[in-house]
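Reading the structure
Spelled out, the chains give:
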Amino acid sequence: MLSLYKRPAYALLALALVSLALIACAAWFALKQPWMGVQMAVVEGKVRVVHVEEALAQQIPEGVEVKRLVSATGVSQDILVSDLIEEPDFFNTYPQMAAFFARQTTFDGMLRDQKVTLVWVNLSGAEMSVTVIPKKRPLSSLPFVFWFQMGIGFIGFLIASSIFLLRKDDWAARLFWLSGLMFPIVTVPAAIYSTRELAMHGETLRWLASLNHLGAFMFGCALIAIFMTYPRRLVRPIHLLWLPAIFGLWLAADVFRWAPDQDWGSRMPVSMEMVLAIIFSVVQWRKTRGQPLERAALRWFTLSTLIGSGLFIFITVGSQMLGFFDMPKQGYAFGYFLLIYLGIALGLRRYQLFDMDEWAYRGFMWVVGALSVIALDALLIYFGLTEATSLGVSLLIAGWLYFPVRQWLWQRLVNKHHPQFETLLPELSAIAFTSSHSEQKFHWEAFLMHVFDPLEMKQGEADYKEAGVREKGIALQVPRCASLPAYTLRYAGGGIRLFSTRDANLAVALCHLMQQVIEGRTSYEQGVAQERLRIGRDLHDNIGARLLKLIHHLRGTTEVDIARDAMKDLRTSIAALDSQPVLLQNALADWRAETNSRCDVTQCQLHWNQAEDAPEVVLPSRTKGMLESVLREVITNALKHASPKSVQVEVEVSATQLRIKVENDGEFADPLTWQDGYGLRNIRGRMEELGGNLNISSDNDKIQLTLTVSLQ
Amino acid sequence: MKVALILEDMPESQELLREIAQTAYPDIRVRFESSIAGALSIITQFQFDLALIDLSLPDGDGVTVVDAMASRFPASMIVVATIFDDDNHLFPALRAGAQGYLLKDQAPEQLVKQLRGISEGHPPLSPAIARRLLDHFHVDSPLRKAEGELEYVQLSPREREVLVHLARGISIVDIGVEIGISRHTVGDHVKNIYRKLNITSRAEAAIRAKGMGLV
């Protein structure tokens, strides 16, 4: 691992040193060009002096117009606006260019003499002249834009190299390196000729310009080739050679001036290359449908192109149309290129692809924000506002619109995959309150599916405690959560997007929330259980003891049975507090035993009829308790009032209903004449509460009370 | 039956239990204790043939005394007198060596009858406790498996049958009718079940003691 890392690192260091050496060479070459110490520029359509070296400052003031250069031998050549042009490509035709190069050669010859005379015009319009001795150009006279272009060129080269060194076998990386190699070939010649003081030899300038074209043509070829092979290989690598073959010929036509003009010779092929690169990137976009990782890689390119071109428009329009600031030198335009280039590099490197959505959003909003201010400003000026007012007004309007639009886009672009938290919360607490573990797990899995919509979900693949994005955004690790296992989700949003850091954060938040709800629920349940225990103990210790005392005191009276029933009810209530559901069969067994022992005491025969194979029904403990009290009351009534010889209990259970029929003989009045006493009222009340009913009927010598309860 | 210990903190209940004990065994002498501490100390000084022990006492759980009595006087009759007959209350006492239980809110005549029944080997067994016993003796229960090498007592098929019937709430008399044996035989089975329950707990206690390095 270490050696693998080290070797590319050393190679990169070596390349950086070579780059520095090349920069030094380029600077040395730039300093070899003739120099007067008088810097000229085009101001208001005229060639004027903008900066003078100290030694000459007394003889020629800054700001004056310059007319011509006269050599020691008397040759004179006017200094034209076109002579100061930074880039020969500004000329449309080759004859124009040839004339420019010839004039440059003439100036170069003059400036390489012992001395030269510069003719200028003073404020009153009189021609003045100053004798200048051309000398060695000092390093400090190289402007910042020179170093900027140097820097851009070699930074681009080193970026490409760093990716290539890590992935030498990858065709995309190889082609990218090739494009990186072209970067300095484009920028270094441009840096040299665009920062010349007045002139350099025409032939030298021409070859430098050709070198610049070579770099631009081949850079374009490499760019097309990249998108022909990355992320998907669209053609066999051998076919990529067609690109340099075609554009190499075209370049020759440009360099040797076979083409009719610059439009045909260089502008068209270079634009065509850019268009082809974009076309192939669109083809790639379509080919990578359902491949979130590769798409995100392409998105880096889209994003950087957007920012790069957005910036270009902002600067150009901002300076030329609206006059916010001066138009920067064309050398700076390479900066936009570097930006786009950086995007491709990040895409190739697959850097932070999973957070692309957010990056894209930020970049996009940044460009949109800046451009909308400019557009509004232009519009307001067009409608007659002054520049000073219009900028303020457009900032205000853009600000008003910007934030709602920003928010809306955030929801659409970045947040669309994230369900609203407030809708998740009830779902989450429902999971936490699910009683069984397996059910809880099932619902949690469904919940994760709902939130992230992954194509694949595996349990316990790795037992990370932390959530995180893995496999460059293909996978999301959901940590263990309370008693729920860890999960690994793959292919977010049905495979159309990558997991992002936001997803990981959401997973963490959901997990924490879930844990808290579960903990809350557990402690609530513990509290309930403790409270039940306390109530049970209080009932047992206080009421039970008092009732027992009462039973002792009432011994021998008829009321003692009421107290005894109360004691039994108390037992039932305490048992019901236990809150464990009871099997109906067990409940029936308890009731049967109690009835049995009570009938025993009064010497009455109990016939308990109950099907052996009753369905397995579970009664909530409260229902069991209430039915128990009701049945107890019914038996008490029968034993107390009728003094029966026999009591018959018929139990019928179906899946939906429980019916208990208590029938006894003995002495009883017609039920129609019964006054509802406390006991009967109590029975009716409880049956009502259970949603059941009580039915009383009698035939000649028997009375029947039927309790019916639904079991659903 | 010569001497009875009545462990009970409520005076009325003390009186009731004395009455029951003396009705069942007219010549019996009675010693009252109203706390666990008192009971534990008195049994080191005197021997008791019968003990009626309340489970909820001001200074603790009566099961402690049941346990101490059972190991000290294996031949004595230990009966729990309580107002709660659920398995949670009674099962620990039965495992500790109680041979039966009385519900103090019942009519005294009935209690006398039940006490005599216990001494004759027909202790009551509520369905809830019978169910718990079935679980306890269930060969395949996880609890059993966990105890692994522990030597425990299995129920005979007949005892099992009786227990199943008891768990369904069927009275001893009706069980006799149903499976065609006399009510006394049913009672004997119940008595054996009690005994085995207690033996099991002894065996477990011995193994635990061994495990703790006490033996």
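Since the structure is predicted, the reported quantities are computational estimates derived from the model, not experimental observations.

Structural notes on the packing of helix α15 (residues 560-577) of chain A against helix α17 (residues 621-642) of chain A
All names here are of chain A. Relative to each other, α15 and α17 sit at 165 degrees, their axes nearing to 8 Å. As far as their axial angle goes, α17 and α15 are roughly antiparallel. Every pair of crossing elements has a handedness; the one defined by α15 and α17 is right-handed. Facing α15, whose interface residues are D561, D565, K568, D569, T572, S573, A575 and A576, α17 presents S621, R622, K624, G625, E628, S629, R632, T636 and K640. Its residues placed into classes, the contact of α15 with α17 shows 2 nonpolar, 6 polar and 9 charged.

Points about the interface of chain B and chain A
On the side of chain A, 21 residues touch chain B, which itself brings 21 residues to the contact. Mapped onto the side of chain B that touches chain A, the elements with two or more residues apiece are α1 (11-24) and α6 (127-137) of chain B. Here the residues of the side of chain B that touches chain A sort into 9 nonpolar, 6 polar and 6 charged.

Concerning the pairing of strand β7 (residues 100-103) of chain B
Residue and element names in this part refer to chain B. Along β7, one buried face is formed by G100 and L102 and the opposite face, lined by Y101 and L103, is buried too. Two strands pair when backbone bridges link them, and strand β6 (residues 77-82) and β7 are joined in this way by 4 bridges, in the parallel orientation. Of the residues in β7, the one forming a bridge with V79 is G100. With helix α4 (residues 87-96) bridging β6 and its parallel neighbour β7, the resulting β-α-β unit is right-handed.

Quick notes on the nonpolar core
Judged by nonpolar contacts, the single largest core of 118 residues is most densely connected at A:F176, A:A222, A:I224, A:A225, A:I226 and A:L476. Among all residues touching A:A225, those that are not within four sequence positions of it are A:L175, A:L240 and A:L243. Listed in part, the 91 residues of the second largest apolar core include A:V582, B:L17, B:L102 and B:L115.

A look at the sheet that holds strand β8 (residues 468-470) of chain A
Residue and element names in this part refer to chain A. Strands sit in the order β7-β10-β9-β8 across an open sheet of 4 strands; the sheet is antiparallel. The sheet is open, and its two edges are formed by β7 (456-459) and β8, each paired on a single side. Across the sheet, the mean angle separating the axes of adjacent strands is 25 degrees when strand polarity is ignored. Bridging between β7 and strand β10 (residues 487-490) involves 4 bridges; their strand directions are antiparallel. For E456, the partnering residue across the bridge sits in β10 and is R490.

What to know about the confidence of the model for chain B
Regions with low pLDDT carry predicted coordinates that are not meant to be interpreted in detail. All names here are of chain B. Looking at chain B, the pLDDT average stands at 80 and 84% of residues meet or exceed 70. Below a pLDDT of 50 lies the segment residues 144-151, which in the model reaches 6 contacts outside its immediate sequence neighbourhood of four places, other chains included. The ipTM assigned to the predicted complex is 0.79, against a pTM of 0.55.

Some remarks on the pairing of strand β2 (residues 29-33) of chain B
For a regular strand, side-chain orientation follows a simple rule: the groups alternate between the two sheet faces. Residue and element names in this part refer to chain B. As judged from the 5 bridges shared by strand β1 (residues 3-7) and β2, these two strands associate in the parallel manner. Opposite A4, over in β2, you have V30 as the bridge partner. As a crossover connection, the stretch from β1 through α1 into β2 is right-handed.

With respect to the environment of B:E19
All names here are of chain B. Its location among the elements puts E19 in helix α1. Judged by the 14 C-beta atoms lying within 10 Å of it, E19 falls in the partly exposed class. As for E19 and P108, which are separated by 89 residues in sequence, their C-alpha atoms are 8.3 Å apart.

Brief notes about the environment of A:S629
Residues and elements named next belong to chain A. One can find S629 in helix α17. Residue S629 is classed as partly exposed on the basis of its 19 C-beta neighbours within 10 Å. A C-alpha to C-alpha distance of 7.4 Å links S629 and T572, two positions 57 residues apart in sequence. Apart from residues no more than four positions distant in its own chain, S629 is found in contact with D569, T572 and R686.

Concerning unusual backbone geometry
Residues and elements named next belong to chain A. Of the consecutive residues Y230 and P231, the connecting peptide bond is found in the cis state with omega at -5 degrees. Positive phi is not limited to glycine here, since E44 has a value of about 50 degrees. In this fold, E44 is placed in the loop between β1 (38-43) and β2 (46-52). With 6 C-beta atoms packed within 10 Å, E44 lands in the exposed category. Located in the positive-phi region is R257, a residue other than glycine, with phi close to 60 degrees. Take R257: there are 15 C-beta atoms within 10 Å of it, and that puts it in the partly exposed class.

Criteria and cut-off values
Within every chain, residues take consecutive numbers counted from 1 along the sequence as written. Ligands are numbered from 1 and chains lettered from A, in the order in which they are written. The predicted nature of this model means local features are confined to residues of pLDDT at least 70 and side-chain atom pairs, given and counted, to a pLDDT of 80 or more, with totals for whole chains, interfaces and linings taken over all residues. Between the N-to-C directions of two axes lies an angle of 0 to 180 degrees, each axis being a line fitted to C-alpha atoms and, for a helix, fitted only over the stretch in contact. We count a stretch as a helix when DSSP gives it H or I for four or more residues in a row; a strand needs E for two or more, and each element gets its number in order from the N terminus. Orientation is classified from the angle alone, with under 35 degrees giving roughly parallel, over 145 giving roughly antiparallel, 65 to 115 giving roughly perpendicular, and any other angle giving oblique. A clockwise turn of the near helix away from the far one marks a right-handed crossing, whereas an anticlockwise turn of less than a right angle marks a left-handed crossing. Contact definition: two residues whose C-beta atoms, as placed from backbone geometry, lie within 7 Å. Only Asp, Glu, Lys and Arg are considered charged in this grouping, and only Ala, Val, Leu, Ile, Met, Phe, Trp, Tyr, Cys and Pro are considered nonpolar; every other residue, Gly among them, is considered polar. Three exposure classes are used, based on other C-beta atoms lying within 10 Å of a residue's own C-beta, which is placed from the backbone: buried for 20 or more, exposed for 12 or fewer, and partly exposed in between. The criterion for strand pairing is that DSSP finds at least two bridges linking the strands in question. Seen with its strands pointing away from the viewer, a crossover is right-handed when the path leading from the first strand over the helix to the second is clockwise. Here a nonpolar core is just a set of buried residues of the types Ala, Val, Leu, Ile, Met, Phe, Trp, Tyr and Cys, joined wherever their C-beta atoms sit within 7 Å. Per residue, pLDDT captures the predictor's confidence, and it can take any value from 0 to 100.

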